[in-house]
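Here are the chains, one letter per residue:
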Amino acid sequence: MDLRLTEEQLALQETLRRFIAKDYDFERRRSLALSPLGYSAEAWAQYAELGLLGLPYPEEFGGLGGSGVDIMAVMELVGQGLLLEPYVSTVVLCGGLLRDAAAHAIKEALLPQIAAGKLQIALAAYEAAGRYELAHVASTAVRDANGWRLTGRKSVVLDAPSADYFLLSARSSGNRTDVEGISLYLVRRDAPGLTLQAYPTHSGGRAADLHLQDVYIDDDAVIGAPERALPVIERAVDQGIAALCAEAMGIVTALNAATLNYLKTRKQFGTVLGSFQALQHRMADMFIAAEQARSMAIIAAIQANSDDPATRRRALSGAKAYIGQAARFVGQQAVQLHGAMGVVDELNVSHYFKRLTMIDMTFGDADHHLARFSDALRIEPIGAAS
Amino acid sequence: MNLNYTAAEESFRAEVRAFLAAELPADIRSKVRLGRRLHKDDLVRWQKILYRRGWGAGMWPRRYGGADWSVVEQHIFDEEGAAAGAPPQIPFALRMVAPVLMNFATAAQQNCFLPRIISGQDWWCQGYSEPGSGSDLASLRTSAVREGAHYRVNGQKAWNTLGQYADWIFCLVRTSSDARPQQGISFLLIDMKSPGITVRPIVTIEGEHEINDIFFDNVQVPVENLVGEENKGWTYAKFLLLHERTNNAGIGNCKRALKRLKEIATHQLHNGRPLIEDSRFRDRIAQLELELMALEITNLRVLSAVSTESRAPGPEVSLLKIKGSEIIQQLAELQMHALGHDALPYLREALEADWVPAPLLADHYATFAPPLTGQYFNYRKTTIYAGSTEIQKNIISKLILGL
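Residues numbered from 1 in each chain as written. Chains lettered and ligands numbered in written order. Predicted model: local features only at pLDDT ≥ 70, side-chain atom pairs only at ≥ 80, totals over all residues. Heavy atoms only, no water.

### Observations concerning empty space enclosed by the protein
Residues and elements named next belong to chain B. Threshold: In this analysis a 1.4 Å probe is tested at points of a 1 Å grid over the protein atoms alone, and where it fits but cannot get out there is a cavity; an open set with protein on both sides within 12 Å along at least five of seven lines is a pocket; lining residues have an atom within 4 Å of a point. Grid points are joined across faces, edges and corners, and a volume is the space filled by probe spheres set on the points. Helix numbers and strand numbers start at the N terminus; a helix is a DSSP run of H or I with at least 4 residues, a strand a run of E with at least 2. Each residue is assigned to one of three groups, with Ala, Val, Leu, Ile, Met, Phe, Trp, Tyr, Cys and Pro labelled nonpolar, Asp, Glu, Lys and Arg labelled charged, and all others, Gly among them, labelled polar.
Summed over all chains, the structure comprises four cavities of 30 Å³ or more. When its volume is computed, the largest cavity comes out at roughly 190 Å³. The wall of the largest cavity is formed by 14 residues, among which Gln47, Ile90, Gly120, Asp122 and Trp123 lie closest to the centre. Listed by contribution, the elements that provide at least two residues to the lining of the largest cavity are α3 (40-53) and α5 (91-104). If one sorts the elements of the lining of the largest cavity by residue count, α3 sits on top with four residues. Counted by class, the lining of the largest cavity contains ten nonpolar, three polar and one charged residues.

Right under this line is the structure:
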């Protein structure tokens, strides 16, 4: 058992910290969020040079063979810097999914490209009104003489506007929420019949709704077992959840630092705000929440790629639920303690808070995951009487 | 970073488990599991069994008879002990006064007291709080006046835990009123058999006798029982509190309570089905389990930082104390609510191991009902003692956050 980051992980964090200070300060980030692309292409190229884009892949595919904890170390800084690049979508979710489930030829073709910063992929797994249910798939896939014909809609595909490919779920049998009957397709951005409606999200990223009308896909673009792709998608999303937990932890840490600094400097009634015990205790509660959230992010990082789905789900749902609640508390209190300054666009506090909120709403909010964690208790063996 | 145990740690765990299976007396195990009253003899007997195995004080350095356990080994021991139904080791001697003696006492004091502590020979209690000095401990007034080879001690200590069993008490006493209150306090070891000491029971909310008032009326204490320097006691007291709080996460105890809660919720019914199938109730269990999952890792992070950096525990233990005490309270509360209507009876005699329920009492009362409600009431103490939650937040805001 070892609960420390390695020298290499600490050095990587330090590199990112310097990068953020030099090339990605808050004003730069604000203008990037408003730019047409919505993130920094130069930063993406730098991440490739640093090896970040191939971090979780085996060396034979141009990667560094990194672990879930390596991803956590990176994502903590992604949170602190409010970095906008599509790291989770491309590297963790889709790249991770291909690494775990794709045929060797596809991995050989795509993973080195991702690692080099030349390829982006977005996960198109959710549909309107289905909320966080990955099995909620109404889009259809029909096998005919020309291959698979896909028709339907996918909603809020994160980082879709800049993606070269989509990993897209569609159903060839069963009813709308059945677990079976879902396949996963690698779909080119420029596939005939595919159209995008792009928009920004509340935390500065980009997303799009996808419309598919008779999009034809070859057999070799089916990822994983046909009609049984749900476990593959769930595993990828679990890794995305672990990454978001670490990002949230980074933001919570940054927000607490900003709030503490504000309490030490802002004066009212002739003294600093931090001299009032009601505010001191609130800040102590925020500190405790951050430490507990960090522990949960560690559990998530270590279990993110566990081969046992039940163990993985329990850890990841537990972490997402806990961090969702802790981040909501810290985020709301950071805004509250900053007073009116907490709700202005020109200070980073509001941006941190929005990002935390969007993280909670991504891949299942705290209630969703508490329910999943709780439901697992119903069937858990309790063991011998104690 | 990983949560795996090494082969050596796994084999240590197997060793602990085998030891517990072979050596933990069945009557003690049963009392712990059923929440029955533990008597002095039970706790001393267990301490002596641990001592014979060389585990009387696992975390103590070897030169004092300890086993030099790492943080992880102690964690494994606590976890296995809690799962097996081992009673807690009473902390006042092992975890509170002993670290003070190791760091600040003379060799003669160490040689006199430490062997008797680890072997279970002496029972120690704590004399800190007073009627007028609770959270504001430094205002304490029990006085010790130097008269030749003795101190003459007068005053009253309150909220003393299990002093009715004690052979010795470690006390904070006032030896000077000249400077700041913190600077006139000394750390004194007092034989409980000394003439002039009176122990008066305080019955607490659940009806049990766990704590006492202790009165000192012209008690003579040899000067060689002073620890460290006169008027430096506050420093030693703060050092002690950090060690005390290190153990206050109480992970093992919380884990056992969580498991028990699930058993009760499986046994008790809601609309004819096991209560645990009611999502409203189950979600409350889940919420607590998450807090505990996080705290277990936080606890290990704090303790391993302390051991890697070879330093005394710092103010971060306040976080462990706050969370651990809240979690055990909430677990006890949910256990009581899981009982529902069965939580109402107050059957004091049911706390005794040899209790036989009267024929008309429901069978399951013999298994778990009677002690649980009392435990809920008893555990209200956990956020009050050893520095209340509010004091811990003061410590965090001052010493960690710099406010």
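### Description of the pattern of salt bridges
The cut-off we apply is this: Each reported salt bridge corresponds to a side-chain nitrogen of Lys or Arg within 4 Å of a carboxyl oxygen of Asp or Glu. Residue exposure (1.4 Å probe, protein chains only): buried if accessible area is under 20% of the type maximum, exposed if over 50%, otherwise partly exposed.
Per the counting criterion, the structure on display carries 49 salt bridges over all chains. The salt bridge involving arginine 188 of chain A is made with aspartate 190 of chain A; its shortest N-O contact spans 3.1 Å. The exposure class assigned to aspartate 190 of chain A is exposed, which follows from its relative accessible area of 54%. In this structure, glutamate 289 of chain B engages lysine 262 of chain B in a salt bridge whose closest nitrogen and oxygen atoms are separated by 3.0 Å. Of this pair, glutamate 289 of chain B sits in helix α9 (residues 279-308) while lysine 262 of chain B sits in helix α8 (residues 251-267); the two residues are 27 residues apart in sequence, bridging distant segments of the chain. Each member of the pair glutamate 289 of chain B and lysine 262 of chain B is classed as buried. Three or more residues are tied together by salt bridges with common partners; here these are Glu10, Arg13, Arg17, Glu79, Glu80, Lys255 and Glu296 of chain B.

### Notes on the interface of chain B and chain A
For clarity, the cut-off: The criterion used for residue contact is that any of the two residues' heavy atoms lie within 4.5 Å. Here the quantity called buried area is the accessible surface, traced with a 1.4 Å probe, that two parts lose on coming together, added over both.
The partner chain A presents 43 residues to the 44 residues of chain B that form the contact. For the pair chain B and chain A, the two sides together bury roughly 4400 Å², of which 66% comes from carbon and sulfur. The three residues of chain B that bury the most area against chain A are Met1, Arg301 and Leu403 of chain B, which together make up 19% of that side's buried surface. At the junction of chain B and chain A, the tally comes to four salt bridges.

### Some words on the environment of asparagine 378 of chain B
All names here are of chain B. Basically, it comes down to this: Nitrogen and oxygen atoms within 3.5 Å of one another constitute a polar contact, given that in protein one can donate a hydrogen and the other can accept it, and given that sequence-neighbouring residues count only through two side-chain atoms.
Turning to its location among the elements, asparagine 378 is positioned in helix α11 (residues 369-378). For asparagine 378, a relative accessible area of 12% corresponds to the buried category. A C-alpha to C-alpha distance of 15 Å links asparagine 378 and asparagine 253, two positions 125 residues apart in sequence. Apart from residues no more than four positions distant in its own chain, asparagine 378 is found in contact with Ile205, Glu206 and Glu210. For asparagine 378, the side chain forms a polar contact with the side chain of lysine 381, separated by 3.0 Å.

### Points about unusual backbone geometry
If you check the backbone angles, alanine 129 of chain A has positive phi at about 70° while not being a glycine. Along the chain, the position of alanine 129 of chain A falls in the loop between β1 (121-124) and β2 (140-144). When its relative accessible area of 78% is taken as the criterion, alanine 129 of chain A is described as exposed. The phi dihedral of asparagine 231 of chain B falls on the positive side, at around 70°, and the residue is not glycine. Checked against the element boundaries, asparagine 231 of chain B lands in the loop between β8 (226-227) and α7 (233-246). Asparagine 231 of chain B gets classed as partly exposed once you look at its relative accessible area, which sits at 24%.

### Digging into the domain arrangement of chain A
All names here are of chain A. Formally: Marked domain ranges trace back to an automatic or database domain assignment.
Under the domain assignment, chain A is made up of domain 1 (7-119), domain 2 (123-228) and domain 3 (231-379). Domain 1 and domain 2 are separated by 24 Å when their C-alpha centres are compared. The contact between domain 1 and domain 2 buries some 1300 Å² in all, and 66% of this surface belongs to carbon and sulfur atoms. Those elements that place two or more of their residues in the side of domain 1 that touches domain 2 are α2 (26-34), α5 (87-101) and α6 (104-115). Broken down by element, the side of domain 1 that touches domain 2 gets its largest block of residues, six residues, from α5.

### Let's talk about the nonpolar core
In summary, soluble globular proteins display a tendency toward joint burial of nonpolar side chains. To be explicit about the condition: The term nonpolar core refers to a set of buried residues drawn from Ala, Val, Leu, Ile, Met, Phe, Trp, Tyr and Cys, joined through side-chain atoms within 4.5 Å.
If you look at the biggest cluster of nonpolar residues, it comprises 200 residues, and the most contacted ones within it are Tyr87, Leu150, Leu167 and Leu210 of chain A. Counting residues per element, this core draws most heavily on helix α7 (residues 230-265) of chain A, at 20 residues. When sequence neighbours within four positions are dropped, the list of residues in contact with leucine 167 of chain A reads Cys94, Leu97, Leu98, Ile121, Ala122, Leu123, Ala124, Leu184, Tyr185, Leu186 and Ile223 of chain A. Grouped together as the second largest cluster of nonpolar side chains are 35 residues, Phe92, Met96, Leu172 and Trp234 of chain B included.

### Observations regarding the layout of surface pockets
Taken as a whole, the second largest pocket holds about 1100 Å³ of empty space. Forming the walls of the second largest pocket are 36 residues, and the residues nearest its centre are Arg314 of chain A together with Glu79, Lys255, Glu289 and Glu296 of chain B. Broken down by secondary-structure element, the contributors of at least two residues to the lining of the second largest pocket are α8 (277-303) and α9 (309-337) of chain A together with α1 (7-23), α4 (71-84), α8 and α9 of chain B. Looking at the lining of the second largest pocket, its residues break down into 17 nonpolar, seven polar and twelve charged.

### What about the packing of α9 of chain A against helix α10 (residues 348-360) of chain A?
All names here are of chain A. Which entries qualify depends on this criterion: Think of each axis as a best-fit line through the C-alpha atoms, taken over the contacting stretch in the case of a helix, with angles from 0 to 180 degrees between the N-to-C directions. Every angle not falling under 35 degrees, over 145, or within 65 to 115 is termed oblique; those three ranges are roughly parallel, roughly antiparallel and roughly perpendicular. By definition, any crossing whose near helix is turned counterclockwise from its far helix by less than a right angle is left-handed, and any crossing with a clockwise turn is right-handed.
Their axes nearest at 9 Å, the elements α9 and α10 cross at an angle of 155°. Between α9 and α10, the crossing angle belongs to the class labelled roughly antiparallel. Taken as a pair, α9 and α10 cross one another with a handedness that is left-handed. Each of Lys320, Gly324, Ala327, Gly331, Gln332, Ala334 and Val335 in α9 lies in contact with α10, whose residues at this interface are Val349, Phe353, Leu356, Ile359 and Asp360. In terms of residue class, the contact of α9 with α10 is made up of seven nonpolar, three polar and two charged.

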